[in-house]
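Residue-level structure breakdown
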Amino acid sequence: MGGFDDIAPLYDRLWTRTAVGNLQRRAVWKSIDPLFPSGSAVLDLGCGTGVDAVHLQQTGVHVYGIDSSPEMIRIARNK
């Protein structure tokens, strides 16, 4: 392994669930939510642990996520 594979199991705790990570996610969602109505299809490049993909799926968007890290993909699929 290496790179993001090594930190994948900790990524959400180290970034996504932090105050700064949460603010970043909310800012992104505020910008992208109006762009993708329910029923849209989106390709999430560099989907990481799938946090944005899950958010978009909850709004009715069909999301296809890809990432260079197999471990990030594994975690995203479990969500």
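Attention in this report is confined to the structure presented alongside it. Because the structure is predicted, anything quoted here is derived from the model rather than measured.

Thresholds, definitions, all that
- Residues numbered from 1 in each chain as written.
- Predicted model: local features only at pLDDT ≥ 70, side-chain atom pairs only at ≥ 80, totals over all residues.
- Heavy atoms only, no water.
- Helix = DSSP H or I, 4+ residues; strand = E, 2+ residues; numbered from the N terminus.
- Rg over C-alpha atoms; globule rule 2.2 N^0.38 Å.
- Buried < 20%, exposed > 50% of the residue type's maximum accessible area, 1.4 Å probe, protein only.
- Contact = heavy atoms within 4.5 Å.
- Areas by Shrake-Rupley, 256 points an atom, 1.4 Å probe, with all protein chains shown as cover.
- Pairing = 2+ DSSP bridges.
- Right-handed = clockwise from strand over helix to strand, strands pointing away.
- Phe/Tyr/Trp six-rings, centres within 6.5 Å; stacked < 30°, edge-to-face > 60°.

1. A closer look at the overall build of the protein
When helices and strands are tallied, the protein shows four helices and two strands. Against the globule reference of 12 Å for 79 residues, the protein gives a C-alpha radius of gyration of 13 Å, in line with a compact fold. In terms of its C-alpha atoms, the protein occupies a principal-axis envelope of roughly 35 × 25 × 15 Å. Looking at the 79 residues of the protein, the share that counts as buried comes to 35%. The long-range share in the protein, meaning contacts at least 24 apart out of those at least 6 apart in sequence, stands at 40%. For the protein, the computed accessible surface area is about 5,200 Å², with 59% contributed by carbon and sulfur atoms.

2. Here's the deal with the environment of Arg13
With respect to the helices and strands, the residue Arg13 is situated in helix α1 (residues 4–16). Under the relative-accessibility criterion, Arg13 is labelled exposed at 53%. Spatially, the C-alpha atom of Arg13 lies 24 Å from that of Asp33, the residues being 20 residues apart in sequence.

3. Structural notes on the pairing of strand β1 (residues 41–45)
Here β1 shows a clear split, with Val42 and Asp44 buried on one side and none of Ala41, Leu43 and Leu45 buried on the other. With five bridges connecting them, β1 and strand β2 (residues 62–66) associate as parallel partners. Counted as the bridge partner of Leu45 is Ile66 from β2. In this fold, the crossover linking β1 to β2 by way of helix α3 (residues 51–58) has right-handed handedness.

4. Thoughts on the packing of aromatic side chains
Counted by the stated rule, this structure contains one aromatic pair. On the numbers, 6.4 Å between centres and 65° between planes, the contact of Phe4 with Tyr11 is edge-to-face.

5. Looking at the environment of Asp67
Relative to the elements of secondary structure, Asp67 occurs in the loop between β2 and α4 (70–78). For Asp67, a relative accessible area of 24% translates into the label partly exposed. C-alpha of Asp67 to C-alpha of Cys47: the two residues are 20 residues apart in sequence and 5.6 Å apart in space. In this structure Asp67 touches Gly46, Cys47, Gly48, Met72 and Ile73, once residues within four positions along its chain are discounted.

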